[in-house]
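# Geometric and topological summary
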Number of protein chains: 2
Amino acid sequence: MYTLYSMQWSGNSYKVRLAMAQLGIPYKLVELDILKGETRTPEFLAMNPSGRIPLLEVAPGRYLPESNAILWYLAGGTPLAPDNRIDRAEALQWMFFEQHSLEPNLGNARFWLTLVKGGRTLHEHAIEDWMEQGYQALGVMDQHLRTYDFFAANRYTIADIALYAYTHVAHESDFNLNAFPAIRAWLRRIADQPGHISMDWQPKAAAMAE
Amino acid sequence: MYTLYSMQWSGNSYKVRLAMAQLGIPYKLVELDILKGETRTPEFLAMNPSGRIPLLEVAPGRYLPESNAILWYLAGGTPLAPDNRIDRAEALQWMFFEQHSLEPNLGNARFWLTLVKGGRTLHEHAIEDWMEQGYQALGVMDQHLRTYDFFAANRYTIADIALYAYTHVAHESDFNLNAFPAIRAWLRRIADQPGHISMDWQPKAAAMAE
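Each value, and the rule that gives it
- Residues numbered from 1 in each chain as written.
- Chains lettered and ligands numbered in written order.
- Predicted model: local features only at pLDDT ≥ 70, side-chain atom pairs only at ≥ 80, totals over all residues.
- Contact = placed C-beta atoms within 7 Å.
- Helix = DSSP H or I, 4+ residues; strand = E, 2+ residues; numbered from the N terminus.
- Nonpolar A, V, L, I, M, F, W, Y, C, P; charged D, E, K, R; others polar.
- Pairing = 2+ DSSP bridges.
- Axes fitted to C-alpha atoms, helices over the stretch in contact; angles between N-to-C directions.
- Least-squares fit on C-alpha atoms with pLDDT ≥ 70 in both.
- Buried ≥ 20, exposed ≤ 12 C-beta atoms within 10 Å, placed from the backbone.
- Core = buried A, V, L, I, M, F, W, Y, C linked by C-beta atoms within 7 Å.
- Bend = angle between axes of the 7 residues up to and from the residue.
- Domains from an automatic or database assignment.
- Parallel < 35°, antiparallel > 145°, perpendicular 65-115°, else oblique.
- Left-handed = near helix turned anticlockwise from the far one by under 90°.
- pLDDT = per-residue confidence, 0-100.

### Considerations on the interface of chain B and chain A
In this complex, chain B contributes 24 residues to the contact, which on the side of chain A involves 24 residues. For the side of chain B that touches chain A, the secondary-structure elements that each account for two or more residues are β4 (62-65), α3 (67-75), α4 (85-115) and α6 (124-145) of chain B. Broken down by element, the side of chain B that touches chain A gets its largest block of residues, 11 residues, from α4(B). Taken together, the residues that form the side of chain B that touches chain A break down as 14 nonpolar, seven polar and three charged.

### Let's talk about the sheet that holds strand β2 (residues 27-31) of chain A
All names here are of chain A. With respect to topology, four strands assemble into an open sheet ordered β2-β1-β3-β4, the strand pairing being mixed. Either end of the sheet is taken by a strand with one partner, and the two such strands are β2 and β4 (62-65). Averaged over all adjacent pairs, the angle separating strand axes in this sheet is 25°, with direction ignored. Direction of pairing for strand β1 (residues 2-6) relative to β2: parallel, over a ladder of five bridges. From the neighbouring strand, S6 faces β2, where its bridge partner is E31.

### With respect to the relation of the copies chain B and chain A
Overlaying chain B on chain A yields an RMSD of 0.0 Å, the required transformation being a rotation through 180° with an accompanying axial translation of 0.0 Å. Viewed as a symmetry operation, the transformation between the two copies matches a two-fold axis. When C-alpha positions in chain B are compared against the rotation axis, the closest is assigned to B:H100, at 2.6 Å.

### Describing unusual backbone geometry
With glycine set apart, most residues show a phi of negative sign, and most peptide bonds adopt trans. Put simply, A:I53 and A:P54 share a cis peptide bond, and its omega is 0°. Topologically, A:P54 is positioned in the loop between α2 (42-47) and β3 (55-59). In this structure, A:E66 takes a positive phi of about 75° despite not being glycine. Classification of A:E66 as buried rests on a count of 28 C-beta atoms within 10 Å. With a phi close to 75°, B:D174 is a non-glycine residue in the positive phi region. With respect to the helices and strands, B:D174 occurs in the loop between α7 (158-167) and α8 (181-191). Judged by the 15 C-beta atoms lying within 10 Å of it, B:D174 falls in the partly exposed class.

### A look at the sheet that holds strand β1 (residues 2-6) of chain B
Residues and elements named next belong to chain B. Sheet architecture is open: four strands sit in the order β2-β1-β3-β4, paired in mixed fashion. Since the sheet does not close on itself, it has two edges, and those belong to β2 (27-31) and β4, each with one partner. Taking each pair of neighbouring strands and ignoring which way they run, the sheet shows an average axis angle of 25°. Summarising the sheet, strand β3 (residues 55-59) and β4 pair through four bridges and their orientation is antiparallel.

### Brief notes about the nonpolar core
Formed by 111 residues in total, the largest nonpolar core has its most connected members in A:A19, A:L71, A:I158, B:A19, B:L71 and B:I158. Residues contacting A:A19, with those up to four places away along its chain left out, are A:L71, A:L74, A:A75, A:L80, A:I158 and A:I161.

### Topic: helix α4 (residues 85-115) of chain A
The sharpest bend along α4(A) measures roughly 50° and falls at A:E103, with the proline A:P104 sitting one to four residues further on. Taken across its 31 residues, α4(A) has 24 buried, putting it largely inside the fold.

### Some remarks on the domain arrangement of chain A
All names here are of chain A. For chain A, the assigned domains read domain 1 (2-78 + 201-207) and domain 2 (85-191). Of note, the centres of domain 1 and domain 2, computed from C-alpha atoms alone, are 21 Å apart. Opposite the 12 residues of domain 1 that make contact, domain 2 presents 10 residues. When contributions to the side of domain 1 that touches domain 2 are tallied by element, the ones reaching two or more residues are α1 (11-23) and α3 (67-75). Its residues assigned to classes, the side of domain 1 that touches domain 2 shows eight nonpolar, three polar and one charged.

### Focus on the pairing of β3(A)
All names here are of chain A. Sheet topology note: the β1/β3 ladder contains three bridges and is antiparallel. Following the sheet pairing, T3 is matched in β3 by E57. Connecting the antiparallel pair β3 and β4 is a turn made up of two residues, with G61 showing a positive phi of about 80°.

### Quick look at the packing of α1(A) against helix α7 (residues 158-167) of chain A
Residue and element names in this part refer to chain A. Where α1 contacts α7, the axes come no closer than 8 Å and their chain directions differ by 140°. The angle between the axes of α1 and α7 places the two elements in the oblique class. Crossing geometry of α1 relative to α7 is assigned as right-handed. Contacts between α1 and α7 involve G11, N12, Y14, K15, L18 and A19 on the former and, on the latter, I158, I161, A162, A165 and Y166. In the contact of α1 with α7, the residues fall into eight nonpolar, two polar and one charged.

### Observations concerning the confidence of the model for chain A
Residues and elements named next belong to chain A. The predicted model of chain A averages 94 in pLDDT, with 96% of residues at 70 or higher. Scored below 50 in pLDDT, residues 205-210 makes seven contacts in the model with residues more than four places away or belonging to other chains. For this predicted complex, the interface confidence score (ipTM) comes to 0.94, while the overall pTM stands at 0.95.

### Brief notes about the environment of B:N48
Residues and elements named next belong to chain B. Relative to the elements of secondary structure, N48 occurs in the loop between α2 (42-47) and β3. Overall, the presence of 19 C-beta atoms within 10 Å leaves N48 in the partly exposed class. Put simply, N48 and R62 are 14 residues apart on the chain and 10 Å apart in space, counted from C-alpha to C-alpha. If near-sequence neighbours (up to four positions away) are discounted, N48 is found in contact with L55, Y63 and P65.

### Here's the deal with the packing of α4(A) against helix α6 (residues 124-145) of chain A
When two helices pack together, their arrangement is given by the angle between the helix axes and by the axis-to-axis distance. Residues and elements named next belong to chain A. Here α4 crosses α6 at 140°, and the two axes come no closer than 8 Å. It follows that α4 is oblique to α6 by the angle criterion. Note on packing geometry: the crossing formed by α4 with α6 is left-handed. Along its contact with α4, which presents S101, L102, N105, L106, N108, A109 and W112, the element α6 presents I127, W130, M131, Q133, G134 and A137.

Structural data, given as structure tokens:
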């Protein structure tokens, strides 16, 4: 059985928990607290030198980091992963976009505004940049969603899961989605997918009983 | 024939030019200058709402952005793209790492220190962050390369191309690679691959004559 090193609060970890729930993949969950330095211990760094979660043990002693790489690993060959050349490339396109334009801005704003006490004061200027660039990324997404229901392959895929993770909690870190009606409709569409779980859903009872 | 919208100076554009050279794919090159706003015109934004290069026209009127998604699109089914599940996931892992931990730091430092006059003064504090986080990313890469010759699949792949683009010009923006001997050996290994082209190689004569 897979072991997933995860943090309940983390959007990147939530992507993997959501995909595993929808794919019906059982796993053992190891919950870590980044604020307590639990991803910076020698033991964790030996598994992932980047010191980041999520991390998936795919075989005994073999560890795969990077949420979006884990999504491809788990969803490959299932309907959640596009299977033709251009659809696959367009799903990847949005997943790379997510990692350099959305997650660093929405994720950092979320970390410092909702998780770290006094974070707003500590990173005042950076937060301004994150808000500005985060809104730019949301604008690009909204423009796409005015024409398409999903991000790739005209259906629900791991590209949607990747972009949903931080977008659906953007309001918790001061982002106002009123100007992005297509994004708001898409968020409802994603939450309505079969097998959807919320970010605070606890997989322990279900998955760890397997 | 493909049309590639590119900028000679851009590391992300270089990735695509390098892969196309090694794959022997002819293309028409359209050189754009981001400093002159040539990726922010209504015409370009209609092709790519993100306003970024590289951008590949994959079919008439169909445009694929994101350098690393373009690499997968072009290299899929060739030796440059890993073809089994775990190797593919590990190549993706490093390409996502490149886009959130390497390129934003080395690429931003390069942009403001080498391309924009007065950039060093304008972004003094940000440059400190980029240097610190860029060195962290280089440390993770060096640690991997102390054990492995390449980033994925035990051979030269698009993961190496993605990571090479900004790393091989890091010294131009103040990064000192003396502490990373494994990276320096890997840079030489990549430059020695058959069909390698340098960043300033001009494809026009060769490719546009096809």
